[in-house]
Amino acid sequence: KPVVPGVEIKGQLGMAKFASDLKNWRHWLPQLWHYPLAMTLDSFSLSCFSPGVALFIYNKDTVEMLPGRWFWPKDTFFAFYNVT
């Protein structure tokens, strides 16, 4: 009886197959090593450039674009930030 209606699963399933695959890690790990790196970069980018995080970083009335020289009103900064 299929677990998902309309979907047929072929091949060996279960703990024995899982254990066998774990023992053969040298075969599949080189094909997957870059996924954790990509996920780390993606998560870092998402957390750094998330508007929700930016609201806590820029909690003053102005945003310093060039230290000590050029300031933007916070609302103007977020208007440009959200467009890009």
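Use the structure listed above.
K.L.:
Explanation requested: the overall build of the chain in the structure shown.
P.N.:
Summing up its helical and strand segments, the chain has five helices and two strands in all. For the chain, the succession of helices and strands along the chain, N to C, is α-α-α-α-β-β-α. The C-alpha radius of gyration of the chain comes to 24 Å, more than 25% above the 12 Å expected for a compact globule of 84 residues. The principal-axis extents of the C-alpha atoms in the chain amount to approximately 65 × 35 × 20 Å. The proportion of buried residues among the 84 residues of the chain is 6%. Within the chain, residue pairs in contact and separated by at least 24 positions form 22% of the contacts whose partners lie at least 6 positions apart. With the model as given, the accessible surface of the chain reaches about 7900 Å², and the carbon-plus-sulfur share is 66%. With 8 positive and 6 negative side-chain charges, the chain shows a separation of 13 Å between the mean positions of the two kinds.

K.L.:
Can you help me understand the nonpolar core in this one?
P.N.:
A general tendency of soluble globular proteins is for nonpolar side chains to be buried together. Counting five residues, the largest nonpolar core is built from Ala-54, Val-63, Trp-72, Phe-77 and Phe-78. Every residue in contact with Trp-72, bar those within four places of it in the chain, is listed here: Asp-61, Thr-62, Val-63, Met-65, Phe-77 and Phe-80.

K.L.:
Sorry if this is basic, but what is going on with the pairing of strand S1 (residues 62-66) here?
P.N.:
Regular strands show a simple pattern: their side chains alternate between the two faces of the sheet. Where S1 and strand S2 (residues 70-73) come together, four bridges link them in antiparallel fashion. For Val-63, the partnering residue across the bridge sits in S2 and is Trp-72. Hairpin connection between S1 and S2: a loop of three residues separates the two successive antiparallel strands, and Gly-68 in this loop has a positive phi of roughly 80°.

Conventions we followed
Residues numbered from 1 in each chain as written. Predicted model: local features only at pLDDT ≥ 70, side-chain atom pairs only at ≥ 80, totals over all residues. Heavy atoms only, no water. Helix = DSSP H or I, 4+ residues; strand = E, 2+ residues; numbered from the N terminus. Rg over C-alpha atoms; globule rule 2.2 N^0.38 Å. Buried < 20%, exposed > 50% of the residue type's maximum accessible area, 1.4 Å probe, protein only. Contact = heavy atoms within 4.5 Å. Areas by Shrake-Rupley, 256 points an atom, 1.4 Å probe, with all protein chains shown as cover. Lys, Arg positive; Asp, Glu negative; His and termini not counted. Charge placed at Lys NZ, Arg CZ, Asp CG, Glu CD. Core = buried A, V, L, I, M, F, W, Y, C linked by side-chain atoms within 4.5 Å. Pairing = 2+ DSSP bridges.

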